[in-house]
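Inside the fold
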Amino acid sequence: MGMVKIIRNAKVYQPEYAGVKDILILGDKIAAVGENLKADFGGALKAEEINGEGMAAVPGFIDGHEHILGGGGEGGFHTRTPEAGLKDLTMNGITTVVGCIGTDGVGRDMTALLAKAHGLENEGVTTYTYTGAYQVPVPTLTGSLMKDIMMLDKVIGVGEVAISDHRSSQPSFEEFARIAADARVAGMLSGKAGIVNVHLGDSPRKLDLILKVVRDTEIPASQFLPTHVNRNAALFDECLEFAKDGGTIDFTGNEDIDYWETICDEVRVCKGIRRLLDMGISSDRFTISSDGQGSMPVFNTKGEYQGIGIGKASCLLKEVRECVQKENIPLETAVKGITSNPAAILKLNGKGHIKPGFDADICLLTEEGLKLDTVIARGRIMVEKGKQTVFGTFERS
Ligand code: ZN
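None of these values were measured; they are calculated from a predicted model.

1. Digging into the overall build of the protein chain
Looking only at helices and strands, the protein chain has 11 helices and 19 strands in total. A compact globule built from 397 residues would reach a C-alpha radius of gyration of about 21 Å, and the protein chain, at 20 Å, matches this within 12%. Judged by the C-alpha coordinates and their principal axes, the protein chain covers about 65 × 45 × 45 Å. Burial analysis of the protein chain (397 residues in total) assigns 57% to the buried set. Nonlocal contacts in the protein chain, meaning residues at least 24 apart in sequence, comprise 70% of its contacts between residues at least 6 apart. Carbon and sulfur atoms provide 51% of the accessible area of the protein chain, an area that totals close to 16200 Å². Taking the average location of the 43 positive side-chain charges in the protein chain and that of its 54 negative ones, the two points are 3 Å from each other.

Below is the structure:
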């Protein structure tokens, strides 16, 4: 495989639309974006040409909340969900993932999460993690939340800390504020985001704890990234207000979008983003993540529990496609939620844009239907014409 690649004549979304352009990739970086790029370096260096005609080139997707180590377990040990394989990421366009631990912070821990993250990185994608789980005090690797964020390269913040949920540790205001304070300072000291990724449950307390920290302390709204904001209408209304006041909100995407809207009364992601934009809130203020590999209860049309399923990362592209096709949101706006926006709020340097100097993480989507055609992660072609070309260690068929 060549070190030099040129994607020819793709409609380039940086994510801002830049027109039909070529993209020059040198090693694992984007070297140039322009017209009729020359690729004659002489000698042994030969460019591999990739035909981008009829394709939209968008930055590789960033999934800011995924249970790469597996999660679940809420129905007993046999309901623990499996780990994510490389294909669960790349075959869904994801080139960067932030791994997290959820309800079970005992049977899953930071040692295993970091090992898993390193494994996926070895296989070709970029990985980060949060430290912690639902629980408070936050279960860490080093025994200190601040030390984890400052001294473990992959750790960019803390989460998913659960509030407003019967499964949370019911943290007091002081405990919750301390977590945010420690994450903030540790982030500053290490040049990281120090984000507090907050799991929001279904309870009517909604964002109470976050809003109180923003109101009663010096910690700004930008320190938090609340997730599952679309899980019910009342919660979403409050989250829109939070976004209006400068917060960023994280939608959880769904594999079966109709099911979650009609049976579970969730706010459909495309409709939620449409409302956010119609309120005049900046298109920088939202992200979409998959909650992939987490467990999901499945109900029938009567609302009766049917069993347990696994969250799939395929939802990211599905939700963006719905934004474009159902709500007429421009692709360049919708795709920000899984590219430049998570890169900015999570401070993922070199990620989320198709611009010179950035990592060569690129997805080619068919213009017709926005289907995933090609995935390039750090300059390596992971998926070609919809087929996996780089396999995880135990995936080779
Ligand atoms: Zn959660």
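Now that the structure has been shown, the text picks up again.
2. Here we look at the nonpolar core
Core analysis: the largest hydrophobic core is formed by 82 residues, its most contacted members being Phe 61, Phe 224 and Ile 249. Per element, the largest residue contribution to this core is 7 residues, and it comes from helix H4 (residues 173–190). Contacts of Ile 249, omitting those with residues within four sequence positions, involve Leu 225, Pro 226, Val 229, Phe 236, Cys 239, Phe 242, Ala 243, Leu 276, Arg 285, Phe 286 and Thr 287. Judged by nonpolar contacts, the second largest core, of 15 residues, contains Ile 23, Ile 50, Ile 354 and Ile 362.

3. Section: the packing of aromatic side chains
Under the counting rule described, the total for this entry stands at 5 aromatic pairs. Between the aromatic rings of Phe 176 and Phe 224, the centroid separation amounts to 5.8 Å while the plane-to-plane angle is 15°, which identifies the pairing as stacked. Of the two residues, Phe 176 sits in helix H4 while Phe 224 sits in strand E11 (residues 224–227), which places them 48 residues apart along the sequence. Residues Phe 176 and Phe 224 agree in their burial class; the two are buried. Taking 6.4 Å as the distance between ring centres and 80° as the angle between the ring planes, the aromatic pair formed by Phe 251 and Phe 286 counts as edge-to-face. With Phe 251 in strand E12 (residues 249–252) and Phe 286 in strand E13 (residues 286–289), this residue pair connects regions lying 35 residues apart in the sequence. Residue Phe 251 is classed as buried on the basis of its relative accessible area of 0%. Here Phe 286 falls in the buried class, since its relative accessible area comes to 0%. Site record: aromatic cluster; members linked through ring pairs are Phe 236, Phe 251 and Phe 286.

4. A closer look at the packing of helix H6 (residues 233–244) against helix H8 (residues 269–278)
Here H6 crosses H8 at 40°, and the two axes come no closer than 11 Å. It follows that H6 is oblique to H8 by the angle criterion. In this structure, H6 crosses over H8, and the sense of that crossing is right-handed. In contact with Phe 236, Asp 237, Leu 240 and Ala 243 of H6, H8 contributes Gly 272, Arg 275 and Leu 276. Taken together, the residues of the contact of H6 with H8 break down into 4 nonpolar, 1 polar and 2 charged.

5. Regarding the pattern of salt bridges
Throughout the structure, instances matching the rule amount to 28 salt bridges. Notably, a salt bridge pairs Asp 202 with Arg 231, separated by 3.5 Å at the nearest N-O pair. Of this pair, Asp 202 sits in the loop between strand E10 (195–200) and helix H5 (208–216) while Arg 231 sits in the loop between E11 and H6; the two residues are 29 residues apart in sequence, bridging distant segments of the chain. We note a salt bridge from Glu 261 to Arg 268, for which the minimum N-O separation is 2.7 Å.

6. Regarding the environment of Ala 39
Relative to the helices and strands, Ala 39 is located in the loop between strand E3 (29–34) and strand E4 (47–51). Taking the C-alpha atoms as reference points, Ala 39 and Lys 5, separated by 34 residues in sequence, lie 8.5 Å from one another. Once residues lying within four places of it in the same chain are set aside, the contact partners of Ala 39 are Ile 6 and Ala 47.

7. Looking at a nonpolar patch on the surface
A cluster of nonpolar side chains, namely Met 3, Leu 26, Phe 41 and Leu 45, defines an oily patch on the protein surface of about 370 Å² accessible area. Its place among the elements puts Met 3 in the segment before strand E1 (4–13).

Rules used throughout
- Residues numbered from 1 in each chain as written.
- Predicted model: local features only at pLDDT ≥ 70, side-chain atom pairs only at ≥ 80, totals over all residues.
- Heavy atoms only, no water.
- Helix = DSSP H or I, 4+ residues; strand = E, 2+ residues; numbered from the N terminus.
- Rg over C-alpha atoms; globule rule 2.2 N^0.38 Å.
- Buried < 20%, exposed > 50% of the residue type's maximum accessible area, 1.4 Å probe, protein only.
- Contact = heavy atoms within 4.5 Å.
- Areas by Shrake-Rupley, 256 points an atom, 1.4 Å probe, with all protein chains shown as cover.
- Lys, Arg positive; Asp, Glu negative; His and termini not counted.
- Charge placed at Lys NZ, Arg CZ, Asp CG, Glu CD.
- Core = buried A, V, L, I, M, F, W, Y, C linked by side-chain atoms within 4.5 Å.
- Phe/Tyr/Trp six-rings, centres within 6.5 Å; stacked < 30°, edge-to-face > 60°.
- Axes fitted to C-alpha atoms, helices over the stretch in contact; angles between N-to-C directions.
- Parallel < 35°, antiparallel > 145°, perpendicular 65-115°, else oblique.
- Left-handed = near helix turned anticlockwise from the far one by under 90°.
- Nonpolar A, V, L, I, M, F, W, Y, C, P; charged D, E, K, R; others polar.
- Salt bridge = Lys/Arg side-chain N within 4 Å of Asp/Glu carboxyl O.
- Patch = residues over 30% accessible without salt bridge, like charges linked within 9 Å, V, L, I, M, F, W, Y side chains within 5 Å.

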